[in-house]
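Read off the chains here:
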Amino acid sequence: MKRRELFGAAAAVAAGTATLTALGREKKAESPAPARSDMAAPNISQNRREFRLVTSWPKDFPGLGIMPNRFAKALFDMSGGRLDVKVFAAGELVGGLECFDAVSTGGADMYHAAEYYWQGKAKAFTFFTSVPMGMTVAEIMGWIDFGGGQQLWEELSAQFNIIAFQAGNTGHQMGGWFKKEINSAEDLKGLKMRIPGLGGEVIRRLGGAALALPGGEIYQSLQSGAIDATEWVGPWNDLAFGLYREAPYYYAPGFHEAGPALAVGINLDIWNSLSKSDQAMVRHACRYANDTSIGEYTHRNGEALQILKNEHGITPRFFNDDVMAAIGKTSVDVVRDIGNSDAQTRKIFESFERALLTYRDWTDMSDGRYIRARQLALGD
Ligand code: CA
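The next subject is the overall build of the protein chain. Counting secondary structure elements, the protein chain contains 12 helices and 11 strands. The buried share of the protein chain, taken over its 380 residues, is 50%. Sequence separation of 24 or more characterises 78% of the internal contacts of the protein chain that already satisfy a separation of 6 or more. Approximately 17500 Å² of the protein chain is accessible, and the part contributed by carbon and sulfur atoms is 53%.

So, in structure tokens, the structure goes:
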């Protein structure tokens, strides 16, 4: 595998390639299941709480399925084993998209999922995950933590007897895998693409057919010809599914998911029954799951992209200006329509939009300009 030199540390980089880890070849540096044998039983018998956490993810799935495990382990460790969360993968206790109802009604205590799965309950939930042409990872963290987002989120979730916190982020996603080149907006017409949520609505308005298939059905659907294209996550998770074998045209950017936040939702009665210090530990465990996921996705996507390029001959492409102009304009229309669909959604949309308008200038000035400058300095 050939690496380019950046700062003259090529030797160090080359040595690093020997430890490239991607899916399937990964040494388990971190056990997904908490090791609990070292916890002494006698001193934790008082105030010990056990929680059932349901998820939308396959068991121990790279990234997504590990985040709830990390949350559980962090909470267990911080509380000296007193707060014990049992994680259930999609389908083990309830289906992946039934988490919200289970936690709302007390059938489970917590969930780890993406809030935009609950758009059927309230359209506003989508703003707490991602919308097309929406926020980057840093921007959504800014809005939720400092721009009023958390308070609005709590008001919304309380209507369903839930409180939710950020507890993961996949980072910027990819535009998807296509069986044919996409050279103009015309090429999207008639395209059968797996792309859920508002991104799917964008494709639909551009003349395509958008399907919301669960992850486990994507590969087979590409193989059978049921779909012509799919988005999933990014290089790390996409490589795991082998999508490059069926649809070799890999396009950026992920216009629909620039930094989707994932969440832990907690039954509000359970939350209110916790002491202030236990609540603080839950918040910190969520934050730990959130922060580690951002670093991990950066690391693993970087490695997986190199494997796709160097071992599988994939050359990532970029939607051209014609395609992006059509997608961009339609994205703005879709988000505006959803955002104004009812009074509650409008209130959240206005806060989101105000924050995005404020942050956009700064992100363009900082990340945007810096990345262009770095390409000039180091080559792109
Ligand atoms: Ca996705």
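What follows covers the coordination of the calcium ion. Around the calcium ion, the donor atoms from the protein are Gln173 (OE1), Glu231 (OE), Glu231 (OE), Trp232 (O) and Glu257 (OE), and they sit 2.2 to 2.9 Å away. All donors to the calcium ion come from one chain, and their sequence spacing reads Q-x57-E-W-x24-E. Across the pair, exposure class does not vary: Glu231 and Trp232 are buried alike.

As a further point, take the environment of Gly208. As for its position among the elements, Gly208 is in the loop between α6 (197-205) and β7 (209-211). Looking at Gly208, the relative accessible area reads 11%, which means it is buried. On a C-alpha basis, the gap between Gly208 and Leu191 in space is 4.6 Å, while along the polypeptide they are 17 residues apart. Not counting chain neighbours up to four residues away, the residues in contact with Gly208 comprise Leu188, Lys189, Gly190, Leu191 and Ile203.

Turning our attention to the packing of aromatic side chains. For the coordinates displayed, the defined rule picks out 23 aromatic pairs. The interplanar angle of 55° and the centroid separation of 6.1 Å between the aromatic rings of Trp57 and Tyr117 together place this pair among those described as tilted. Placement of the pair is Trp57 in the loop between β1 (49-55) and α2 (66-78) and Tyr117 in the loop between β3 (110-113) and α4 (137-146), with a sequence separation of 60 residues. The exposure class of Trp57 is buried, given its relative accessible area of 5%. Joined through ring pairs, the aromatic side chains of Trp57, Phe100, Tyr111, Tyr116, Tyr117, Trp118, Phe125 and Phe160 make up one cluster.

This next bit is on the layout of surface pockets. Volume-wise, the second largest pocket comes out at about 570 Å³. Across the lining of the second largest pocket, the residue classes break down as 18 nonpolar, 9 polar and 3 charged.

What follows is about α4. Every α-helix carries 3.6 residues per turn, so stepping three or four residues along brings you back to the same face. Most of α4 is tucked away, with 7 of its 10 residues classed as buried. Those residues of α4 lying buried are Val137, Glu139, Ile140, Met141, Gly142, Trp143 and Ile144. The inward-facing, buried residues of α4 contact α5 (149-158), β4 (162-169), β10 (261-267), α10 (276-312) and α12 (343-378).

Reading guide: rules and limits
All residue numbers refer to positions counted from 1 along the written sequence of the respective chain. In keeping with the predicted nature of the model, local features appear solely for residues at pLDDT of at least 70, side-chain atom pairs appear and are counted solely at 80 or more, and the whole-chain, interface and lining totals rest on all residues. Water and hydrogen atoms play no part in the side-chain values, which are based on all heavy atoms of the structure. What counts as a helix is a DSSP run of H or I of at least four residues, what counts as a strand is a run of E of at least two, and both are numbered from the N terminus. The classification of residues rests on relative accessible area computed with a 1.4 Å probe and restricted to protein chains. Under 20% of the type maximum is buried, over 50% is exposed, and intermediate values are partly exposed. By definition in these notes, contact holds between two residues if any of their heavy atoms fall within 4.5 Å. Each accessible area is a Shrake-Rupley estimate made with a 1.4 Å probe; only the visible protein chains count as cover when residues are assessed. Metal donors: N, O and S atoms at distances within 2.8 Å, or within 3.2 Å for Na, K and Ca, with water omitted from the atom set so that some sites may seem incomplete. Stacked, tilted and edge-to-face pairs are distinguished by plane angle, under 30 degrees for stacked and over 60 for edge-to-face with tilted covering the rest, among Phe, Tyr and Trp rings (Trp via its six-membered ring) whose centres lie within 6.5 Å. Within this scheme a cavity is a closed region of a 1 Å grid, computed over the protein atoms alone, that accommodates a 1.4 Å probe without allowing it to escape, whereas a pocket is open but has protein on both sides within 12 Å along at least five of seven lines; lining residues each have an atom within 4 Å of a point. Grid points are joined across faces, edges and corners, and a volume is the space filled by probe spheres set on the points. Residue classes follow a fixed rule: Ala, Val, Leu, Ile, Met, Phe, Trp, Tyr, Cys and Pro count as nonpolar, while Asp, Glu, Lys and Arg count as charged, and any other residue, Gly among them, counts as polar.

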